[in-house]
Amino acid sequence: SSRFKRAEGTVRNQIKSILAKTEAGGIANLNRIVALIADNMAAAPALLTTARGTSGDLEVLTLPDGRAMEVRQQGPRDGRPVLFIHGMLFGSELPGPALTLLHDAGIRLIAPARPSFGLSDPSPRAPREEPDRLVEDLLFVLDRYSVERSVCLTNIAGAVYGYALASAAPDRVSGLVHAASII
């Protein structure tokens with residue numbers, strides 16, 4: 001506190017505010033969150049590298065309610081569609097070797113950024129309503145890219161949204177695959 005010429009109480013209150021806003025639960029968890037974000041930002045140029053014959057197209061869609069939603073498509077455009085729902089701290093950008101694998105396997109990864117991630121606008125509803133509300137956005141994305149039925153691949157917290165989609169629209173989800181699922 002003395003280094004920044006702030007009262008000790010002010011610094012404590014600021015730390016309490018940051019912990020409350022991030023829901024980190026403690027300094028150690030907050031440090032982990034910051035480290036993960038820093039690691040992702042430092043790796044960002046490498047993640048944007050594309051491999052032979054692959055695509056990493058980024059589009060910002062306008063949803064029916066006027067919000068923006070970032071959608072990244074990776075892999076061959078004529079590949080088998082797989083809807084990817086990301087976790088909390090990691091986005092959808094894949095490194096070059098993974099893009100090559102998508103291409104070789106003939107997989108077209110369609111990866112929308114959830115509300116408040118990437119270029120996607122915040123959700124207009126309460127957090128407890130988010131899984132059911134996001135289903136509307138995901139169905140819009142599938143319709144926009146002419147995908148009748150798709151496997152849904154999720155990462156960590158994305159599993160909640162994958163289950164919500166499969167429950168609400170079982171005719172649109174041919175399977176669920178979870179990586180590091182929390183459920």
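Thresholds applied
- Residues numbered from 1 in each chain as written.
- Predicted model: local features only at pLDDT ≥ 70, side-chain atom pairs only at ≥ 80, totals over all residues.
- Heavy atoms only, no water.
- Helix = DSSP H or I, 4+ residues; strand = E, 2+ residues; numbered from the N terminus.
- Buried < 20%, exposed > 50% of the residue type's maximum accessible area, 1.4 Å probe, protein only.
- Areas by Shrake-Rupley, 256 points an atom, 1.4 Å probe, with all protein chains shown as cover.
- Salt bridge = Lys/Arg side-chain N within 4 Å of Asp/Glu carboxyl O.
- Pairing = 2+ DSSP bridges.
- Core = buried A, V, L, I, M, F, W, Y, C linked by side-chain atoms within 4.5 Å.
- Contact = heavy atoms within 4.5 Å.
- Expected span 1.5 Å × (residues − 1).

Peer 1: Where do I start with the overall build of the chain in this structure?
Peer 2: Of regular secondary structure, the chain possesses 5 helices and 6 strands. If you list the helices and strands of the chain from N to C, you get α-α-β-β-β-α-β-α-β-α-β. Residues classed as buried in the chain amount to 36% of the 183 residues present. Summed over its atoms, the accessible surface of the chain is roughly 10400 Å², and 58% of this surface lies on carbon and sulfur atoms.

Peer 1: Got a minute to help me understand the pattern of salt bridges in this structure?
Peer 2: Counted according to the given criterion, the structure contains 10 salt bridges. Two residues, D65 and R67, come together in a salt bridge whose shortest N-O distance is 2.8 Å. For R67, a relative accessible area of 9% translates into the label buried. The residue E130 makes a salt bridge to R133 at a minimum N-O spacing of 2.6 Å. With a gap of 3 residues between them, E130 and R133 both fall in helix 4 (residues 130-144), about one helical turn apart. By sharing partners, the salt bridges in this structure join D65, R67, E130, R133 and D137 into a single network.

Peer 1: For this particular structure, what's the right way to read the pairing of strand 2 (residues 68-74)?
Peer 2: Look at any regular strand and the pattern is simple: side chains alternate between the two faces of the sheet. The element strand 2 is largely enclosed, with a buried count of 7 among its 7 residues. Where burial is concerned, the two faces of strand 2 agree: the one with A68, E70, R72 and Q74 and the one with M69, V71 and Q73 are both buried. The pairing of strand 2 with strand 4 (residues 107-112) spans 4 bridges and is antiparallel. Bridging from a neighbouring strand, V71 pairs with P112 of strand 4.

Peer 1: Help me understand the pairing of strand 3 (residues 80-85), please; the structure alone is not making it clear to me.
Peer 2: As defined by bridge partners, strand 3 adjoins strand 4 across 4 bridges and the pair is classed as parallel. The residue of strand 4 that forms the bridge with V82 is L109.

Peer 1: Mind showing me how you'd approach the nonpolar core here?
Peer 2: A general feature of soluble globular proteins is that nonpolar side chains tend to end up buried together. Core analysis: the largest hydrophobic core is formed by 20 residues, its most contacted members being V71, L83, I110, V141, Y145 and L165. The set of elements that each furnish at least two residues to this core consists of strand 2, strand 3, helix 4 and helix 5 (158-168). Each residue touching Y145, except ones within four places of it in the same chain, is listed here: E59, L61, V71, Q73, R108 and I110. Grouped together as the second largest cluster of nonpolar side chains are 7 residues, V82, F84, L99 and L102 included.

Peer 1: I would appreciate a short explanation of helix 4 in the present structure.
Peer 2: Compared with the 21 Å implied by 1.5 Å per residue over 15 residues, the 21 Å span of helix 4 between its first and last C-alpha is a close match. Within helix 4, burial applies to E130, R133, L134, V135, D137, L138, V141 and L142. One or two steps after helix 4, the chain reaches S146, where phi turns positive at roughly 55 degrees.

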